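Remarks on the overall topology
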Amino acid sequence: MSQKVTSGLTHECGVFGAIGTEFWPSDVDISQIILIGLEALQHRGQESSGIVTTNGTNFNIQKGMGLVRNIFNNENMKKLTGSMGIGHTRYSTSAASEQVNCQPFFVHSIHGSLAVAHNGELVNKNGLRKMVLGRGVGLSTHSDSELITQALCLNPPEGEINGPNWPARIKHLMQLSPLSYSLVVMLKDRIYAVRDPYGNRPLCLGKILPLDRINGFSNNCPVEGWAVASESCAFLTHIKYVREVLPGEIIEMTKGGIRTIDVIDRPEGKSPAFCIFEYVYFARPNSVFEGQEVYSVRAQCGIQLAIEKPVSADIVGSVPESGNAAAHGFAKQSNIPFGELLTKNTYVGRSFIQPTNRLRQRNVSLKFSPIGVNVAGKRVILIDDSIVRGNTIGPIIKLLRNAGAIEVHIRVASPPLQYPCYMGINIPTKEELIANSLDLMDLASHIGADSLEYLSVEGLVKAVQRNAKSENNKIGHCTACLTGNYPGGVPCEDEW
Ligand SMILES: O=P(O)(O)OC[C@H]1O[C@H](OP(=O)(O)OP(=O)(O)O)[C@H](O)[C@@H]1O
Ligand SMILES: NC(=O)CC[C@H](N)C(=O)O
Ligand code: SF4
Ligand SMILES: [Mg+2]
């Protein structure tokens, strides 16, 4: 066991849960639904993955290091039987990228077995760790997700008269630690879907429909089961998106259906704080948050960027993938044609979420090649969603110049990243963020750009909140890595 030593802006995890309703054993192929869901959430974590299923008595577990498709095969999938299950795809934040930290975590408690999958990071994990250890619990890793699992095994302060009170345990955890998590917690007969009171990490709910109803969905359509996922892009085949889990909401999913157990409040005066970087970079463009597709928000960021920081050129292109939508928006607003400037090797994964800088740099050089016909002799505007360490943009500018670009203007569809994230995205030190070591002019010349401009914080918030809706009309976003305003205050060194 070791603590995570590398740092840098990477990703988050993906969580998924599914349960068959009415009759158990369920006709729904639960483990396949989870597998497909995890593959669709692969962009949220590439390091390890796992599935736990149960038929109400035995729990079946399969976890491993690597991509989802490399861990699960026909053989081990056959063992993942059961009428419900949860899954996880991990990008490490709080403990090393090792087998021992793979999720879901699974433990036996006095009241039966418990499996937990977690996306996020507890801002007060050190304090909570001391508290849990102080209650006589042994922990086997540095993972804050194991800590959550063990904290759920503790009796709530009010005690339990008639057997375990899992909702009270979950509420107790939420009071002990308000940020940041989306959780799926599975017991032998139910799954709890839990989103932290700030709604910092995404989580949404879907209905599993009969296969013959895929095209003929109506609100009265019979339901074969329920699913929860970090992003709606994980609802493929016959799962219909229903809604987001509300900030602070605890949903209980059983074979009888679903019900909201409680919605836990934020501290007085605090607004919701959904991670704005989900829109900028993390999420798949077809996922829906707050009633809007991520793609449309990214395109709006590009429009806003063209309004704020116009420049004359012959062609607008993007750094694929997350920069694509903003580039289309920028091109449209500035009346300059969009063209592909780079082709991406699709066999190379996301660079930003690699666990070490060496891997991230290797990724970048393998990943992009210029498209000569769109670049040679042109003044190009290149749009990326973000600059973090600067690993990506500099080498790409060199590629474009070598391919004959006569001017390269960089426009970034988010503001400079200047502050660490303590909530599940690996932005740990100010020093690593290139916007903190070089000012705009110096950074432009460092990366070899003719000009470099960013979207403003106000412009980003405007693009995100323009069409955002929520069930309870409360909208609010975390912008801490851009502004230093942390939704739950700045955790002290000892706490984080
Ligand atoms: O400044 P840097 O430290 O290089 O990080 C920023 C880059 O990393 C991300 O891309 P990534 O390759 O992770 O994913 P993508 O293919 O979805 O854009 C992001 O979209 C930027 O391109
Ligand atoms: N990226 C995440 O959400 C990580 C979850 C958890 N903190 C871990 O490191 O496993
Ligand atoms: S600090 Fe940035 S990356 Fe972290 S939760 Fe807030 S907006 Fe997201
Ligand atoms: Mg990128």
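Residues numbered from 1 in each chain as written. Chains lettered and ligands numbered in written order. Predicted model: local features only at pLDDT ≥ 70, side-chain atom pairs only at ≥ 80, totals over all residues.

1. Brief notes about the nonpolar core
- Judged by nonpolar contacts, the single largest core of 145 residues is most densely connected at V184, V185, I191 and A193.
- Counting contributing residues, this core receives three or more from each of domain 1 (14-270) and domain 2 (288-461).
- Residues in contact with A193, not counting those within four places in the same chain, are G17, V184, L203, V228, V245, I251 and M253. (Core = buried A, V, L, I, M, F, W, Y, C linked by C-beta atoms within 7 Å. Buried ≥ 20, exposed ≤ 12 C-beta atoms within 10 Å, placed from the backbone. Domains from an automatic or database assignment. Contact = placed C-beta atoms within 7 Å.)

2. Examining the UniProt feature "binding site: [4Fe-4S] cluster" (unreviewed entry) in the protein
- Taken from the UniProt record, the annotation "binding site: [4Fe-4S] cluster" (unreviewed entry) applies to C275, C421, C478 and C481. Spatially, the listed residues are clustered: although they cover 207 residues, their C-alpha atoms lie within 10.1 Å of one another.
- Checked against the element boundaries, C421 lands in the loop between β21 (407-412) and α13 (434-437).
- Here C421 falls in the buried class, since 21 other C-beta atoms lie within 10 Å of it.
- Those residues in contact with C421, other than ones at most four positions away along the chain, are I427, A480 and C481.
- Overall, the presence of 27 C-beta atoms within 10 Å leaves C481 in the buried class.
- Each residue touching C481, except ones within four places of it in the same chain, is listed here: F277, L417, Y419, C421 and I427. (UniProt positions renumbered as here; feature names shortened; annotations may be inferred. Helix = DSSP H or I, 4+ residues; strand = E, 2+ residues; numbered from the N terminus.)

3. Details of the packing of helix α4 (residues 125-134) against helix α5 (residues 144-152)
- With their axes 10 Å apart at the nearest point, α4 and α5 run at an angle of 40 degrees to one another. The orientation of α4 relative to α5 falls into the category oblique. Crossing of α4 against α5: the hand is left-handed. Contacts from K125, L128, R129 and V132 in α4 reach D144, L147, Q150 and A151 in α5. (Axes fitted to C-alpha atoms, helices over the stretch in contact; angles between N-to-C directions. Parallel < 35°, antiparallel > 145°, perpendicular 65-115°, else oblique. Left-handed = near helix turned anticlockwise from the far one by under 90°.)

4. Observations concerning the domain arrangement of the protein
- By domain assignment, the protein separates into domain 1 (14-270) and domain 2 (288-461).
- With centres defined by C-alpha atoms, the gap from domain 1 to domain 2 works out at 34 Å.
- Classifying every residue of the side of domain 1 that touches domain 2 gives five nonpolar, eleven polar and three charged. (Nonpolar A, V, L, I, M, F, W, Y, C, P; charged D, E, K, R; others polar.)

5. What about the sheet that holds strand β3 (residues 59-65)?
- With antiparallel pairing, the seven strands of this open sheet are ordered in space as β3-β2-β4-β1-β10-β9-β11. A strand with exactly one partner marks an edge of an open sheet, and here the two such strands are β3 and β11 (239-244). With strand direction ignored, the average angle separating the axes of adjacent strands in the sheet is 15 degrees.
- Pairing between strand β9 (residues 204-208) and strand β10 (residues 225-229): five bridges, direction antiparallel. Bridge pairing in β10 links L205 to V228. (Pairing = 2+ DSSP bridges.)

6. Regarding the pairing of strand β6 (residues 112-119)
- Buried residues dominate β6, accounting for six of its eight residues.
- Sheet analysis places strand β5 (residues 105-109) next to β6, joined by five bridges and oriented antiparallel. Counterpart to S109 in the pairing with β6 is G112.
- Two strands pair when backbone bridges link them, and β6 and strand β7 (residues 182-186) are joined in this way by five bridges, in the antiparallel orientation. Paired with N119 across the two strands is S182, which belongs to β7.

7. Description of helix α8 (residues 294-308)
- For α8, with 15 residues, the first-to-last C-alpha span of 21 Å sits near the 21 Å given by 1.5 Å per residue.
- The buried fraction of α8 amounts to twelve of the 15 residues, a majority that puts the element mostly inside the structure.
- Turning to α8, its buried residues are V294, Y295, V297, R298, A299, Q300, C301, G302, I303, Q304, L305 and A306. (Expected span 1.5 Å × (residues − 1).)

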